[in-house]
Every structure is written in structure tokens, then in C-alpha cells.
Amino acid sequence: MVYFVGAGPGATDLITVRGQELLKRADVIIYAGSLVNKEHLALAKEDCRIYNSASMTLEEVIDVMKDAEQQEKMTVRLHTGDPSIYGAIREQMDLLNDAGVSYEVVPGVSSFCGAAAALKAEYTLPDVSQTVIITRMAGRTPVPEKEEMSLLASHQATMAIFLSTGLLDSLKERLLAGGYQEDTPAAIVYKATWPEEKVFYGTVGTLPRLAEENKITKTALILVGEFLGDDYARSKLYDPSFTHEFREASE
Ligand code: SAH
């Protein structure tokens, strides 16, 4: 059996209980070395075989899983954050399907949730935005044309932008082209939930300078939108004059 486990954004106690139990039982762990906190590996059994996937190809990863399966061993494939977000798990699952190896997925706390906690922010504020757009700038992995950054920006929704810290000049330009203003609030969250976490507040216009001045080049999320501002409407759910399924209005 193979388990794809979300390790969470960094802090070792932000993995799920289920993920942690699986790590303790694993005979083989393949972890995404570039971002997963290595302290998670301290839970591994003494005779657990541990591989860092950073230096492996997809085929090599699958071979390790297939070998383990043949020896009736249990494998944990440890991904950063939640495996469904830029985790490259679909291609692994498809090859495991071909090989007849069963697997399960254990969710994790994605870094965009870790970033919201670091910012003490709510992404979905009434009257501001009820939508979070998770996206990235095109890098070596292209982004479909219909999802071009300025088209997404034109919604003026909350945006959580992954994998783009090295591309802030063009990010800024695309956000402005889409209708955000120079002074639209933005933030950079570096290594959310890690001990070295850093939060920088700025605006769409200052994003490139903010990163440059603070020497942030990777492992950061860019958050954009008026959710970082001061104005919003109160929720209906907790409004005293609002009746719903579980509560009668008191006013
Ligand atoms: N599956 C992961 C994302 C992997 S893609 C998740 O759910 O979070 C890698 C990108 O995620 C990085 O380039 C960075 O943009 C972001 N990232 C991962 N961990 C982060 C953290 N602790 N703080 C800020 N950004 C992070």
C-alpha cells in the first residue's frame, strides 16, 4: 500500500494525526526534499528506508514504490502542504494504477492556509471577495492561456499565488493589466509556519521591491486583494437580526 501524505506547510505539528501515524508505521518514506520539513523523518522506524525525491525521476519514485509493494512493505510518499496543490501526484497515481498498486491520499494543510494564519487574515470577506484564486505564473510548467494572470486578476478576487517569487516584475505587470491598482494591498509570506516565517506587507506596485529588499527568492506565497484592507461587511451568520436553521434572531 502507498499513502500520499500531505506534510503541511512546515511546522512539524501541522501534519494530520493520520499522516503522523502512517509516518511511524512506514517501511519506506519518499519525501519531497526541497520543501518538506526534515524533522518529520524523526518519526520513522529505525529500519525505514528513506528517499529524497528531489534527486529522483518519476520513474525512479514509482520503481521504489513497486519494489516496496512486492516485498509487502508500506510506503509513505510525503508531499509538502496538501498533495492536491502543485503536488504532481496524478502522474504517480496513474502509474500506480497501471502497476496494480493500491494507494490512498491523506490531505494536509496547504501553505496558503498557513499563510492566512501568518497574516491573521480571512480570505473570504463579505462585500470584499467570496472567492480565492489559487494560481501561479508560468515557469517551466506553462499555464493555460485561458488562465493568464491578467484574466484571473480581472475578477478582483482574493489571489494566492504560488511558485512565482522569482517573477514579481511580470506578476506585477499582469496584475495591473488585469485591473488591480498600484495600491491594491498585497503581502509576501515566506516559509509560513516554519520557525523562520516572515511576513511582508505592501501593495501590488511594491511587490518586486518588497521581495528584493528582503532577499526573498523562493518558498513564499504572494497574496493579493482587498481582503488585506480594512473594509468589509459583517457576516450574516452571526448577525443578531438574522434567523437561520440553528438560531432565532434576537433583535
Ligand atoms: N502542495 C504545496 C505547494 C507545493 S508548490 C501546498 O499545498 O502548499 C511549492 C510552492 O508552494 C512554493 O514555491 C511556495 O510558493 C509555496 N509554499 C510551500 N510551502 C510554503 C510555506 N511554508 N510558506 C510559503 N509558501 C510556501
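These numbers were taken from a predicted model, which means no experiment stands behind them.

What follows covers the sheet that holds strand β8 (residues 185-190). Spatial ordering of the open sheet is given by β6-β7-β10-β8-β9, a layout of 5 strands whose pairing is mixed. Unpaired on one side and paired on the other, β6 (132-136) and β9 (198-203) mark the two borders of the sheet. The mean inter-strand angle of the sheet, taken between neighbouring strand axes irrespective of direction, is 20°. Helix α4 (residues 111-119) rests against β6, β7 (158-162), β8, β9 and β10 (220-224) of the sheet, and its axis sits at about 65° to β10.

Read across the sheet, 5 strands follow the order β3-β2-β4-β1-β5 without closing on themselves; strand pairing throughout is parallel. Lying at the two open borders of the sheet, with one neighbouring strand each, are β3 (49-52) and β5 (103-106). Averaged over all pairs of adjacent strands, the angle between strand axes in this sheet comes to 15°, irrespective of strand direction. Strand contacts of helix α2 (residues 58-70): β1 (2-6), β2 (28-31), β3 and β4 (75-79), with the helix running at about 165° to β2, the strand carrying the most contacts.

Turning to the pattern of salt bridges, a few remarks are in order. Evaluated as defined, the whole model comprises 7 salt bridges. In this structure, the salt-bridge partner of Glu21 is Lys24, at a minimum N-O distance of 3.4 Å. Placement of the pair is Glu21 and Lys24 together in helix α1 (residues 17-25), with a separation of 3 residues, close to one helical turn. Here Glu21 falls in the partly exposed class, since its relative accessible area comes to 38%. Judged by its relative accessible area of 36%, Lys24 falls in the partly exposed class. Between Glu173 and Arg174 there is a salt bridge, and its shortest N-O distance comes to 2.7 Å. Arg174 sits in the partly exposed class, given a relative accessible area of 23%. Each member of the salt-bridge network shares a partner with another, and the members are Glu148, Glu173 and Arg174.

What follows concerns the layout of surface pockets. In this model, the largest pocket occupies a volume close to 1,200 Å³. In terms of lining, the largest pocket is formed by 39 residues, of which the most central are Ser34, Leu35, Thr80, Tyr86 and Leu163. Counting residues per element, the ones that place at least two in the lining of the largest pocket are α2, β4, α3 (90-99) and β10. Residue composition of the lining of the largest pocket, by class: 17 nonpolar, 15 polar and 7 charged.

What follows concerns the nonpolar core. Counting 23 residues, the largest nonpolar core has Met159, Ile161, Leu171, Leu175, Ile188, Ile222 and Val224 as its most contacted members. Taken together, the elements giving at least two residues each to this core come down to α5 (149-153), β7, α6 (168-177), β8, α7 (207-213) and β10. Not counting chain neighbours up to four residues away, the residues in contact with Ile222 comprise Met159, Ala160, Ile161, Leu168, Leu171, Ala187, Ile188 and Leu207. Core analysis: the next-biggest nonpolar cluster, separate from the first, contains 18 residues, Val5, Ile29, Val36 and Val106 among them.

Taken together, 18 residues sit near the ligand, with Ile85, Ser110, Ser111, Ala192 and Ala220 positioned nearest. Measuring from an oxygen atom of the ligand, one finds a side-chain N or O atom of Ser111 at 2.7 Å. One nitrogen or oxygen atom from the main chain of Leu163 is found 3.0 Å from an oxygen atom belonging to the ligand. About the coverage of the ligand: the protein hides 95% of its 540 Å² of free accessible area. In a pocket analysis with a 2 Å cut-off to the grid points, the ligand is assigned to the largest pocket. A class-by-class count of the residues in the shell around the ligand yields 11 nonpolar, 5 polar and 2 charged.

Inspection of every chain in the model, using the stated rule, returns 4 aromatic pairs. A centroid spacing of 6.0 Å and a plane angle of 80° characterise the contact between Phe4 and Tyr103, whose relative ring orientation is edge-to-face. Here the residue Phe4 occupies a position in strand β1, and Tyr103 occupies one in strand β5, the gap between them amounting to 99 residues. By relative accessible area, which is 0% here, Phe4 ends up buried.

Rules behind the numbers
Along each chain, residue indices are assigned from 1 in the same order as the chain's sequence is written. With the structure being a predicted model, the display of local features is reserved for residues of pLDDT at least 70 and the display and counting of side-chain atom pairs for 80 or more, all residues being used for whole-chain, interface and lining totals. Side-chain metrics rest on all non-hydrogen atoms present in the structure, leaving aside hydrogens and water. A pair of strands is labelled paired if DSSP reports no fewer than 2 bridges between them. Only runs of H or I of at least four residues qualify as helices and only runs of E of at least two qualify as strands under DSSP, and these elements are numbered from the N terminus. Structural elements are reduced to axes, namely lines fitted to C-alpha atoms, with helices fitted over the stretch in contact, and the angle between N-to-C directions of any two is expressed from 0 to 180 degrees. Only heavy atoms matter for contacts: two residues are in contact if any of them lie within 4.5 Å across the pair. Any carboxyl oxygen of Asp or Glu within 4 Å of a side-chain nitrogen of Lys or Arg constitutes a salt bridge here. Any residue under 20% of the maximum accessible area for its type is buried, any over 50% is exposed, and the rest in between are partly exposed; the area is computed with a 1.4 Å probe on protein chains only. Residues are called lining when one of their atoms sits within 4 Å of a cavity or pocket point, these points coming from a 1 Å grid over the protein atoms alone, where a cavity is a set in which a 1.4 Å probe fits but cannot get out and a pocket is an open set with protein on both sides within 12 Å along at least five of seven lines. Grid points are joined across faces, edges and corners, and a volume is the space filled by probe spheres set on the points. Residues are grouped as follows: nonpolar covers Ala, Val, Leu, Ile, Met, Phe, Trp, Tyr, Cys and Pro; charged covers Asp, Glu, Lys and Arg; every other residue, Gly included, is treated as polar. Side-chain atoms within 4.5 Å are what join buried Ala, Val, Leu, Ile, Met, Phe, Trp, Tyr and Cys residues into a set we call a nonpolar core. In these notes, residues near a molecule or strand are those with any non-hydrogen atom within 4 Å of it. Within 3.5 Å is the distance limit for a polar contact, defined as a pair of N or O atoms, with the added protein rule that one can donate a hydrogen and the other accept it, and that residues adjacent in sequence qualify only through two side-chain atoms. Under the convention used here, a 1.4 Å probe and the Shrake-Rupley method define accessible areas, while residue burial counts only the protein chains that appear. Being in a pocket or cavity means that more than half of the molecule's atoms lie within 2 Å of its grid points. Only Phe, Tyr and Trp rings take part, Trp by its six-membered ring, and two of them pair if their centres are within 6.5 Å. Stacked means planes under 30 degrees apart, edge-to-face means over 60, and tilted covers everything else.

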